[in-house]
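Descriptive structure summary
Below are the chains, spelled out letter by letter.
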Amino acid sequence: MFTIKQITHALGLASLSALVFSGAAQAGAFDGGIPGSWSGIGNYGVLGANGVVTASPEGGNYGWIASNTGITGLGIDVNGDSIADGTDGTRLRSGVFSAAAGDKLEFYFNYVTSDGAGFSDFAWVRLLDSSLSEVALLFTARTTPGGDTVPGFGMPPLGAGVTLVPATTPIIAGGPSWSPLGGYSGSCYNTGCGYTDWIGMNYTIAAAGDYVLEFGVVDWSDEIYDSGLAFDGILVGGKPIDPVPEPASLALLGIGLAGLAAARRRKTA
């Protein structure tokens, strides 16, 4: 049997463990890499400040996708002809998360491209249901001869209920230096290359349900001079879509008591 003093000590250990786990729960979604519940195909990862892409407004690491060394056939239909547009690229999907009607989906993104003129690549973000059917095309990002990069030249308008901060999204021109672009980092084909810097996106989810958030980017008409998308700070209803679960207090007490038992065995051995 454990004494009251020993149990109190175990509870103290449990409380310390709770603080450690609570600290982890407050960490950014990408500080430990791509979350385990996410799935992707192509070229993706996490980074801190790198080249023209500064640390996100959330701080810490951000997630990214790039068309460099991407996979053929991952595009989506953006012109209504039922044919997927784009050549090679990358797709990354979150794990399934639940949302209530009226919940706000929000995150930051930064579109980066070394391609321009008639070969302008594009990125997209979609909200899918749990069976991976499209609920909403939230937005696309693509270079344009002038004006906004989101949605960009020849792309569909912003999804209903989507707002951007700032509302205008001109490209910051130049050959962008960013390591996910691989050998095209710092390069620019013709005009339209650059990056948007960090933009906030807000979207109101219309109906309660289980959802998946999809990020994608593809080259257009060729497979050179690549593009990418950085993102961070993803919240639904004010909470991370992949929260780190805090262990129950009884489980923590069990950990503390197990530690005491091990200590007693060592002492009596």
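Residues numbered from 1 in each chain as written. Predicted model: local features only at pLDDT ≥ 70, side-chain atom pairs only at ≥ 80, totals over all residues. Heavy atoms only, no water.

Focus: the nonpolar core
Using the following cut-off: By nonpolar core we mean a set of buried residues, namely Ala, Val, Leu, Ile, Met, Phe, Trp, Tyr and Cys, connected to one another through side-chain atoms within 4.5 Å. Classification of residues uses two cut-offs on accessible area relative to the type maximum, computed with a 1.4 Å probe and protein chains only: under 20% is buried, over 50% is exposed, and between them is partly exposed. Under the scheme used here, helices are H or I runs from DSSP no shorter than 4 residues and strands are E runs no shorter than 2 residues, and both carry numbers assigned from the N terminus. Note on definitions: a residue-residue contact is assigned when non-hydrogen atoms from the two residues lie within 4.5 Å.
Counting residues in hydrophobic clusters, the biggest one holds 33 residues, and the most contacted among them are Leu105, Phe107, Leu138, Met201 and Phe215. Put simply, the parts of the chain that give this core at least two residues each are β6 (97-99), β7 (104-113), β8 (122-129), β9 (134-142), β10 (162-165), β13 (199-204), β14 (209-218) and β15 (227-236). Setting aside residues up to four positions removed in sequence, Met201 forms contacts with Leu105, Glu106, Phe107, Phe109, Leu138, Phe139, Val162, Thr163 and Leu164. Core analysis: the next-biggest nonpolar cluster, separate from the first, contains 11 residues, Val53, Trp64, Ala66 and Trp198 among them.

What to know about the pattern of salt bridges
Rules: Salt bridges are defined as contacts in which a side-chain nitrogen from Lys or Arg sits within 4 Å of a carboxyl oxygen from Asp or Glu.
Under the counting rule described, the total for this entry stands at three salt bridges. Between Arg93 and Glu214 there is a salt bridge, with its nearest N and O atoms 2.7 Å apart. Placement of Arg93 in strand β5 (residues 88-93) and of Glu214 in strand β14 is noted, with a sequence separation of 121 residues between them. Glu214 shares its class with Arg93; the two are buried. One network of salt bridges, with partners in common, ties together Arg93, Arg126, Glu134 and Glu214.

Remarks on the packing of aromatic side chains
What counts, and what does not: Each Phe, Tyr or Trp ring (for Trp, its six-membered ring) is paired with any other whose centre lies within 6.5 Å, and the angle between the two planes then decides the class: stacked below 30 degrees, edge-to-face above 60, tilted in between. Note on geometry: a ring has a charge over it if NZ (lysine) or CZ (arginine) is within 6 Å of the ring centre and within 35 degrees of the ring normal.
On inspection of all chains with the given rule, the structure shows 16 aromatic pairs. Plain terms: the ring middles of Phe107 and Phe215 are 5.5 Å apart, the flat faces sit at 70° to each other, and that makes the pair edge-to-face. One end of the pair, Phe107, is in strand β7; the other, Phe215, is in strand β14, and 108 residues separate them in sequence. By the burial criterion, Phe107 is buried, and Phe215 matches it. Ring geometry for Phe109 versus Phe139: centroids 4.3 Å apart, planes at 25°, classification stacked. Of this pair, Phe109 sits in strand β7 while Phe139 is found in strand β9, placing the two residues 30 residues apart along the sequence. Phe139 shares its class with Phe109; the two are buried. Members of the aromatic cluster, each reached through a chain of ring pairs, are Phe30, Trp38, Phe107, Phe109, Phe139, Phe215 and Phe231. The aromatic ring of Trp220 is capped on one face by Arg142, whose charged end is 4.2 Å from the ring centroid.

Observations concerning the environment of Gly45
As for its placement among the helices and strands, Gly45 is situated in strand β2 (residues 43-47). According to the relative accessible area criterion, Gly45 is buried, its value standing at 11%. Along the chain, Gly45 and Ala230 lie 185 residues apart, while their C-alpha atoms are 9.6 Å from each other. Non-local contacts of Gly45, meaning those with residues more than four positions away in its chain, are made with Ile34, Tyr62, Gly63 and Trp64.

Limitation: the analysis is restricted to geometry and does not speak to function.
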